[in-house]
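Reading the structure
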Amino acid sequence: MSYKPRTLFRLIEDMNSSLYLPHIQRPFVWETEQMLRLFDSLMRNYPIQTFLFWRTKDEIKARRFMEQVEWDPDLSDFYEPNMSKGGVEKVFVLDGQQRLQTLYAIFRGAVLSETNVRQEAYFNVASGDKIADTGLLYELVFTDESRVLSWYRVADLLGKHSQRNAEELADEMNEELDAQEKANPVMGAGTTIDQRAREKRVRRNVSQLISLLREERHFWVQELDGVANEFPYKRVLDIFVRVNSGGTKLDASDLMFAAMKEGWDEIEEAIEDTTELLNGTNLQFDKTFPLKCLLVAHGRGAEASAEKFTGEDGEKLLRDMAEGWERAESVFQQLRDFMVNDLKVYADKVIRSYTSLIPLFDFLYHNPKPSEASRALMRGYHYKAQLFGWYSQSTDTIVNALHSIVGKHAPSGFPIKVGLLGSALDI
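Now for a quick tour of the structure. The structure presented is a predicted model; accordingly, all values stated were derived computationally and were not measured.

1. Some words on the overall build of the chain
- For the chain, the count of helices and strands is 17 helices and eleven strands.
- Taken across its 427 residues, the chain has 51% of its residues classed as buried.
- The contacts in the chain between residues at least 6 apart in sequence include a share of 74% that link residues at least 24 apart.
- Summed over all atoms, the accessible surface of the chain reaches about 20,800 Å², with 47% contributed by carbon and sulfur.

Here it is in structure tokens:
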């Protein structure tokens, strides 16, 4: 494993030419505030952690970085078939997607507004003298309007100013700002000391910007070399899951998708379609819900864990889920119809716990044609669960206990036991 410094210029040049995102990576999820905070940290010379890359020739789906950040992208639009082929050498980002995509957007690309207008990064080269209410010291904005100094279009560092040195560029900016202040009586009202302080800030800021791009001291990369050494996909997947299991990184469903995609590549798309189906009545299910439903129905417990999809048992679970997907898809439709027609659920506010619906899926999965008596007890269970807050704590434990009542080992579980659920679970 190598550990080397890289210039930001080199990183940006490599993106979408040799450096890609593997299909196990989630979409870009940072908010604009996080992007601005990263830039502020770099301008303050704060460390931003190491990037983790994987060099390989394996057949792995390669996804391009976005040249302009879309907030709800269709990831299939960014796959690169030629780079995904086996035998083609490429480098994948295992840890650092959010930071690298942010840096690309600031220094070369853009972000799209809510109305799909391209917005580029502009930096106030005179900032750095006071901390704003946001906690940021250095001002950066994304805008679709051209701005005059002291605002500087950051992408010009890789464009028309790519050959300029920091001293020349800063002197040119200060001369223009001096001329602005002389031409504007209000702006020119400051003292000579103010002007010197501003000139010093401009020189420091421009020097730092160019240093970030050109010097090998701000960005460090650890690279797993799967071409020269033994780093097979399964080992890399385990590293990926562990690296991304803490902080503000991947949530449980993202990590499970990462572990699942080797055995069932279409799983994430299937789950997203199912989540959209369930949310068709103004509800707010997330991707974890259908994944938990499948885990429970297949007897693996409700706890969301990527480890459940590793090893021989994980491979068998994936095969079972893939082979039973047509059945599961039909049951999700049944569950949606039951919520609409039987429970009359049309708004998020009437559901205290979405987890309480997992046992309903579990029962329907193993009892696809419930009698009217069973449906009545299903309704009773739902209303009691919402009214008495059965899922206000230890939700996975409760779901697992219910599986032994309503799952495959007790096909008539709802008719027999659900009326006594409170005492059965001691709640």
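2. What about the environment of His161?
- Relative to the helices and strands, His161 is located in the loop between strand S10 (151-153) and helix H5 (166-183).
- Residue His161 is classed as buried on the basis of its relative accessible area of 11%.
- Apart from residues lying up to four places away in sequence, His161 is in contact with Tyr152, Asp156, Leu169 and Arg214.

3. Brief notes about helix H10 (residues 288-297)
- Counting buried positions along H10 yields ten of ten residues, so the element is predominantly enclosed.
- Here H10 has its buried residues at Thr288, Phe289, Pro290, Leu291, Lys292, Cys293, Leu294, Leu295, Val296 and Ala297.

4. A word on a negative patch on the surface
- On the surface, a cluster of negative charge is contributed by Asp72, Asp74, Asp77, Glu266, Glu269, Glu272, Asp273, Glu276, Glu326 and Glu329.
- Contributing elements (two or more residues each) for the negative patch: helix H9 (267-278) and helix H12 (325-342).
- Among the elements that make up the negative patch, the one with the highest residue count is H9 (four residues).
- Inspection of the secondary structure puts Glu329 in helix H12.

5. A few points about the pairing of strand S8 (residues 118-124)
- With respect to burial, S8 is a largely interior element, six of its seven residues being buried.
- Examined bridge by bridge, strand S7 (residues 110-112) and S8 share two bridges and lie antiparallel to one another. Bridged to Leu112 within S8 is Arg118.
- Turn length for the S7-S8 hairpin, with the two strands adjacent in sequence and antiparallel, is five residues, and the turn residue Asn116 shows positive phi of about 65°.
- Across four bridges, the pairing between S8 and strand S9 (residues 140-143) is antiparallel. Paired with Tyr122 across the strands is Val141, a residue of S9.

6. Some thoughts on the side chain of Ser84
- Mapping Ser84 onto the fold places it in helix H3 (residues 81-84).
- Sequence-distant contacts of Ser84, defined by excluding residues within four places in its chain, comprise Asp58, Glu59, Ile60, Lys61, Ala62 and Lys90.

7. Side note on the side chain of Ser150
- Mapped onto the elements, Ser150 comes out in the loop between S9 and S10.
- According to the relative accessible area criterion, Ser150 is buried, its value standing at 16%.
- Non-local contacts of Ser150, meaning those with residues more than four positions away in its chain, are made with Phe123, Asn124, Val125, Ala126 and Leu177.

8. Section: the pairing of strand S3 (residues 51-56)
- Of all six residues in S3, five are buried, a share of seventy percent or more.
- Bridging between S3 and strand S11 (residues 219-225) involves five bridges; their strand directions are parallel. Bridge assignment links Phe51 to a residue of S11, and that residue is Val221.
- Taken together, the five bridges between S3 and strand S6 (residues 90-95) define a ladder with antiparallel strand orientation. Its bridge partner being in S6, Thr56 is matched across the sheet by Lys90.

9. Observations concerning helix H4 (residues 97-107)
- With eleven of eleven residues buried, H4 lies mostly within the body of the structure.
- Taken as a whole, H4 has its buried residues at Gln97, Gln98, Arg99, Leu100, Gln101, Thr102, Leu103, Tyr104, Ala105, Ile106 and Phe107.

10. Concerning the packing of helix H2 (residues 32-43) against helix H6 (residues 192-214)
- Put simply, H2 and H6 touch, their axes get as near as 10 Å, and they point 105° apart. It follows that H2 is roughly perpendicular to H6 by the angle criterion. Side by side, H2 and H6 meet where Phe39, Leu42 and Met43 of the first sit next to Arg204, Asn205, Gln208, Leu209 and Leu212 of the second.
- Residues of the contact of H2 with H6, tallied by class, amount to five nonpolar, two polar and one charged.

11. Observations regarding the packing of aromatic side chains
- According to the stated counting rule, one finds 13 aromatic pairs in the structure shown.
- Here the aromatic rings of Phe28 and Trp71 are separated by 6.3 Å at their centres, their planes lie at 40°, and the arrangement is tilted. Linking Phe28 in the loop between strand S2 (19-22) and H2 with Trp71 in the loop between strand S5 (68-69) and H3, this pair joins segments that are 43 residues apart in sequence.
- The class for Phe28 is buried, based on a relative accessible area of 5%.
- What makes Trp71 partly exposed here is its relative accessible area of 35%.
- Ring centres of Trp54 and Phe92 lie 6.0 Å apart, and the angle between their planes is 40°; on these two criteria the pair is classed as tilted. With a gap of 38 residues between them, Trp54 in strand S3 and Phe92 in strand S6 connect regions that are remote in the sequence. Of the two residues examined, Trp54 and Phe92, each falls in the buried class.
- Over the aromatic face of Tyr79 sits the side chain of Lys61, whose NZ or CZ is 5.3 Å from the ring centroid.
- Sitting over the face of the ring of Tyr365, Arg327 holds its NZ or CZ atom 4.1 Å from the ring centroid.

Scoring rules and cut-offs
Residues numbered from 1 in each chain as written. Predicted model: local features only at pLDDT ≥ 70, side-chain atom pairs only at ≥ 80, totals over all residues. Heavy atoms only, no water. Helix = DSSP H or I, 4+ residues; strand = E, 2+ residues; numbered from the N terminus. Buried < 20%, exposed > 50% of the residue type's maximum accessible area, 1.4 Å probe, protein only. Contact = heavy atoms within 4.5 Å. Areas by Shrake-Rupley, 256 points an atom, 1.4 Å probe, with all protein chains shown as cover. Patch = residues over 30% accessible without salt bridge, like charges linked within 9 Å, V, L, I, M, F, W, Y side chains within 5 Å. Salt bridge = Lys/Arg side-chain N within 4 Å of Asp/Glu carboxyl O. Lys, Arg positive; Asp, Glu negative; His and termini not counted. Charge placed at Lys NZ, Arg CZ, Asp CG, Glu CD. Pairing = 2+ DSSP bridges. Axes fitted to C-alpha atoms, helices over the stretch in contact; angles between N-to-C directions. Parallel < 35°, antiparallel > 145°, perpendicular 65-115°, else oblique. Nonpolar A, V, L, I, M, F, W, Y, C, P; charged D, E, K, R; others polar. Phe/Tyr/Trp six-rings, centres within 6.5 Å; stacked < 30°, edge-to-face > 60°. Lys NZ or Arg CZ within 6 Å of the ring centre and 35° of its normal.

Any functional reading would require information that these geometric values do not contain.
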